[in-house]
Amino acid sequence: MGVDGVGADDVDAVTRAVLTASRLLVAVSARSLTVLEDRVTLPQFRMLVVLSTRGATKLVTLAELLQVAPSTAMRMVDRLIAAELADRQVNPDNRRETILRLTAAGRRAVEEVTARRRAEIAAIVERLAPDRRAALVEALGAFNAAGAESPVLASGDLELHPLGWPVPRQAGPSECSR
């Protein structure tokens with residue numbers, strides 16, 4: 001038997017634990033969106049996050065990343081544009097294409113929601129014993145890797161792209177040799 005009497009091969013017990021944790025995280029996510037005063041749904045916020053991390057993006061690419069139909073992505077974009085959180089521009093590399101990007105208000109919205117979410121999750125994590133925190137980091141790291149989800153970078157690991165979105169800090173020569 002492993003942790004809390006769960007066998008290593010007890011997929012159902014692990015699935016139930018992850019579902020319970022996901023319910024908690026969805027609740028945290030929903031509460032963090034209240035700062036946007038019902039202007040943005042959770043799927044629309046996910047689109048804002050994708051635009052925040054990728055920068056200017058074509059609609060088809062955005063739909064693929066969000067795993068929605070292009071028509072659904074277009075409706076989401078239209079709502080975000082109406083809320084002045086995103087805008088469309090002609091692609092300077094191909095004038096036949098339109099790209100979507102965050103506005104300054106959209107960037108602020110992502111930052112505010114993320115900060116609220118981070119604070120609430122930190123408050124929950126602080127209630128865990130240090131050994132449980134380490135085990136959680138290890139377990140969630142493995143879970144995220146199995147689901148092919150990129151890790152959230154620490155704020156010190158981000159730089160701003162010249163056009164304003166966050167990008168991972170490039171390792172310098174001394175960091176590469178470590």
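A few points on the structure. (Residues numbered from 1 in each chain as written. Predicted model: local features only at pLDDT ≥ 70, side-chain atom pairs only at ≥ 80, totals over all residues. Heavy atoms only, no water.)

## Concerning the sheet that holds strand β1 (residues 57–58)
The 3 strands lie next to each other as β1-β3-β2, forming an open sheet whose pairing is antiparallel. The two strands at the open ends of the sheet, each matched to only one other strand, are β1 and β2 (86–91). With 6 bridges connecting them, β2 and strand β3 (residues 94–102) associate as antiparallel partners. Paired with V90 across the two strands is T98, which belongs to β3. Here helix α2 (residues 42–54) sits on the sheet and contacts β1, β2 and β3; the angle it forms with β3, its principal contact strand, is near 110°. (Pairing = 2+ DSSP bridges. Helix = DSSP H or I, 4+ residues; strand = E, 2+ residues; numbered from the N terminus. Contact = heavy atoms within 4.5 Å. Axes fitted to C-alpha atoms, helices over the stretch in contact; angles between N-to-C directions.)

## A closer look at α2
Between its first and last C-alpha atoms α2 spans 18 Å; for 13 residues at 1.5 Å apiece the expected length is 18 Å, and the two agree. Listing the buried residues of α2 in full gives Q44, F45, M47, L48, V50, L51 and S52. Residue G55 follows α2 closely and has a positive phi angle near 80°. (Expected span 1.5 Å × (residues − 1). Buried < 20%, exposed > 50% of the residue type's maximum accessible area, 1.4 Å probe, protein only.)

## Digging into the pattern of salt bridges
What the rule picks out here adds up to 5 salt bridges. Here K58 and E97 are joined by a salt bridge, their closest N and O atoms 3.4 Å apart. Remark: E97 occurs in strand β3 and K58 occurs in strand β1; sequence separation between them is 39 residues. Of the residues examined, E97 reaches a relative accessible area of 22% and is grouped as partly exposed. One salt bridge connects D78 with R88, and the closest N-O pair in it is separated by 2.2 Å. In this pair, D78 is assigned in helix α4 (residues 70–82) and R88 in strand β2, connecting sequence segments 10 residues apart. (Salt bridge = Lys/Arg side-chain N within 4 Å of Asp/Glu carboxyl O.)

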